[in-house]
Amino acid sequence: TILAITIQLFLAIRFSPRMVAPSDLLAHVGNDNVHLLRYWDELSTEQRDEFRQQLLSLKFSGCSSAFASSALVTAPSPANLSPVPDERHVVKKDLSNEEEKRLKDLGVDAVSRGEVAVLVLAGGQATRLGCAQPKGMVPLGLQLTECDSLFCLQAGRIDRLQKLGKGKAPDSSPHIPWLVMTSRSTQSDTAAHMEAVKATHGMGGEKGEGEQVMLFSQEDIPAFDTQGKLLLAAKNKVATAPNGNGGLYSALHPLLDQLTALGVKYVHVYCVDNVLVKVADPLMVGLAIDKGADCIAKAVKREDPSEKVGVICMNEGKPTVVEYSELGELAQRSLPDGRLEYRAGNIANHLFALDFLKSFITPDFHLPYHRAEKKIAFVNEEGETEKPTSPNGIKLEQFVFDVFEKSKNFYIMEVERKEEFSPLKNPDSAGTDCLTTCRRDIYNAHAGWLVKAGATVGEGVSIRVKPSRSYDGENLEEFGQMRIDQDKLIC
């Protein structure tokens, strides 16, 4: 009967011996992680091959030690903190026009000599924006460049800056290498998109300088439950995540010799999601040259003691970044003029001397891991995928600024938030750090360029200036006597 056949099938499946994972895999994962293989007998041949490849790529003893050592990373004591000295805290708006021009000229000269490279941290997906693509590919709706993405906007600024370098030194052939750090989840899509970006902005290396755009990937590290046990994202996949923006240093090692051969002396590191970023900012480069700085961190002035942004300061006399919540009562301290004493807000925008990077980056170099409690989807013991509503696990991250303490000549360069910092992090429903606010900040910044050139811009008028026309407000003199009362795109 049908019932009898069904019972026989059930008994055959229920009590048949489960297929044991290969002995080499069992030995590789070790006793502490054998739970990762509990669904091996349910996997297809293709799934087993994929799973085997991932498992063999992971260094399980290193994962365990990273989790254990991360528990020892603690916040600095407020008693050991102090502000960065005023003589090392350069405020852009306090520079005279003559001094600003002198420093910019130094930077543009360095660009004309091919001494400046840029490195964009682009390992993140745009999932918080509701997009299934890398954040650097998100369409901005600005039409400032042909492909309208963050990557293309930054490429346009690089192209314009190279032209400024050529204009200052007509016999030069300025070439700004652009290093793009992806993650495993963004690498393929980013590589495809960058082909369109390179074609639009002539970055294919056709001039004989070699490939201008260099893609490389940071490592992934497994995610853990709160007890340090690795999690499965699927029955044939360990849950992993990129190892933090500080993963750039070990990932960068294979490219150091190439940068040296190109004559690079400075590397500008920034996050892909800042729509106002001044890529390879000649003012910051000029400051580094003038001061002999090996590390410069851009900052914005914190006005609110509770603003959720890292604070650049000194810990036992060495530069660092601490969370605002770790300052304790120091967060409230004000100077006689009303400014916060700890006012340097970190915006993940840094300039490093290449010699500084080469002084500590080795094949085995990595920074301490910090713990971040996260909501991590995982496969439970019943074989079902759970999507928790509260943090259930730990991701380990390295922080890019943890190398600041190695600097021998560190400076802060404080810039105006409205001119240089507008990150794209949230959906429009959040109302902050979203596409709407990023577009608004572009309009306002570009309107400010016109006003500085002598124009009058009506209230609420949207101004857009293509990067091919201007990098930082130059080349707009023809609008000096105009009154602009309608939205305008300047090409």
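Coordinates for the structure precede this section.
As a starting point, this report considers the structure included with it. (Residues numbered from 1 in each chain as written. Predicted model: local features only at pLDDT ≥ 70, side-chain atom pairs only at ≥ 80, totals over all residues. Heavy atoms only, no water.)

## Some words on the overall build of the protein
Then, in step 1: Broken down by element type, the protein carries 13 helices and 24 strands.
Then, in step 2: Its C-alpha atoms give the protein a radius of gyration of 26 Å, within 12% of the compact-globule value 23 Å for 491 residues.
Then, in step 3: If one aligns the C-alpha atoms of the protein with their principal axes, the spans along those axes are about 95 × 50 × 45 Å.
Then, in step 4: Counting the 491 residues in the protein, one finds 51% classified as buried.
Then, in step 5: Taking as baseline every contact in the protein between residues at least 6 positions apart, the subset at least 24 positions apart corresponds to 73%.
Then, in step 6: Carbon and sulfur atoms make up 50% of the accessible area of the protein, which amounts to about 23200 Å² in all.
Then, in step 7: Side chains of the protein carry 56 positive and 66 negative charges; the gap between the two charge centres is 1 Å. (Helix = DSSP H or I, 4+ residues; strand = E, 2+ residues; numbered from the N terminus. Rg over C-alpha atoms; globule rule 2.2 N^0.38 Å. Buried < 20%, exposed > 50% of the residue type's maximum accessible area, 1.4 Å probe, protein only. Contact = heavy atoms within 4.5 Å. Areas by Shrake-Rupley, 256 points an atom, 1.4 Å probe, with all protein chains shown as cover. Lys, Arg positive; Asp, Glu negative; His and termini not counted. Charge placed at Lys NZ, Arg CZ, Asp CG, Glu CD.)

## Quick word on the packing of aromatic side chains
Aromatic ring pairs are defined here through the distance separating the ring centres and the angle between the ring planes.
Then, in step 1: Under the criterion given, the structure shown has twelve aromatic pairs.
Then, in step 2: A centroid spacing of 5.2 Å and a plane angle of 45° characterise the contact between Phe-404 and Phe-410, whose relative ring orientation is tilted.
Then, in step 3: Taking NZ or CZ as reference, Lys-406 lies 5.6 Å from the ring centre of Phe-360, over its face. (Phe/Tyr/Trp six-rings, centres within 6.5 Å; stacked < 30°, edge-to-face > 60°. Lys NZ or Arg CZ within 6 Å of the ring centre and 35° of its normal.)

## A word on a negative patch on the surface
Then, in step 1: Negative charge collects at one region of the surface, where Glu-381, Glu-382, Glu-384 and Glu-386 lie side by side.
Then, in step 2: Positionally, Glu-381 belongs in the loop between β17 (378–379) and β18 (385–386). (Patch = residues over 30% accessible without salt bridge, like charges linked within 9 Å, V, L, I, M, F, W, Y side chains within 5 Å. Salt bridge = Lys/Arg side-chain N within 4 Å of Asp/Glu carboxyl O.)

## Some thoughts on the sheet that holds strand β7 (residues 224–225)
Then, in step 1: Here three strands make up an open sheet; going across it, the order is β7-β19-β16 and the pairing antiparallel. Two strands lie at the open edges of the sheet, namely β7 and β16 (370–374), each paired on one side alone.
Then, in step 2: The pairing of β16 with strand β19 (residues 393–397) spans five bridges and is antiparallel. Of the residues in β19, the one forming a bridge with His-370 is Glu-397.
Then, in step 3: Helix α4 (residues 60–70) rests against β7, β16 and β19 of the sheet, and its axis sits at about 95° to β19. (Pairing = 2+ DSSP bridges. Axes fitted to C-alpha atoms, helices over the stretch in contact; angles between N-to-C directions.)

## Comments concerning the packing of helix α6 (residues 150–168) against helix α7 (residues 187–201)
Then, in step 1: Taken N-terminus to C-terminus, the directions of α6 and α7 make an angle of 35°; their axes are 10 Å apart at the nearest point. The handedness of the crossing between α6 and α7 is right-handed. Across the interface between the two elements, Phe-151, Cys-152, Ala-155, Gly-156 and Asp-159 from α6 touch Thr-190, His-193, Met-194, Val-197, Thr-200 and His-201 from α7.
Then, in step 2: Split into classes, the residues belonging to the contact of α6 with α7 amount to five nonpolar, five polar and one charged. (Left-handed = near helix turned anticlockwise from the far one by under 90°. Nonpolar A, V, L, I, M, F, W, Y, C, P; charged D, E, K, R; others polar.)

## Notes on the pairing of strand β4 (residues 178–182)
Then, in step 1: Along β4, five of the five residues are buried, which leaves the element largely enclosed by surrounding structure.
Then, in step 2: Sheet analysis places strand β3 (residues 116–121) next to β4, joined by four bridges and oriented parallel. From the neighbouring strand, Leu-119 faces β4, where its bridge partner is Leu-179.
Then, in step 3: What joins β3 to β4 is α6, and the crossover it makes is right-handed.
Then, in step 4: Pairing of β4 with strand β5 (residues 213–217), which is carried by five bridges, proceeds in the parallel orientation. (Right-handed = clockwise from strand over helix to strand, strands pointing away.)

## Points about unusual backbone geometry
Then, in step 1: The phi dihedral of Ala-280 is positive, around 60°, even though this residue is not glycine.
Then, in step 2: Structurally, Ala-280 is set in the loop between β11 (266–271) and α10 (282–291).
Then, in step 3: Backbone geometry at Ala-348 places phi at a positive 55°, although glycine is not the residue there.
Then, in step 4: Relative to the elements of secondary structure, Ala-348 occurs in strand β15 (residues 344–353).
Then, in step 5: Owing to a relative accessible area of 14%, Ala-348 belongs among the buried residues under this scheme.

## Some words on α7
What sets the pattern is the α-helix's 3.6 residues per turn: residues three or four places apart point alike.
Then, in step 1: Here α7 is 15 residues long and its end C-alpha atoms lie 20 Å apart, about the 21 Å a rise of 1.5 Å per residue gives.
Then, in step 2: Buried within α7 we find Thr-190, His-193, Met-194, Val-197, Lys-198 and His-201.
Then, in step 3: In the core, the buried residues of α7 are packed alongside α6, β4 and β5.
Then, in step 4: Directly after α7, the chain includes Gly-202, whose backbone phi takes a positive value near 60°. (Expected span 1.5 Å × (residues − 1).)

Coordinates in, geometry out; function isn't part of it.
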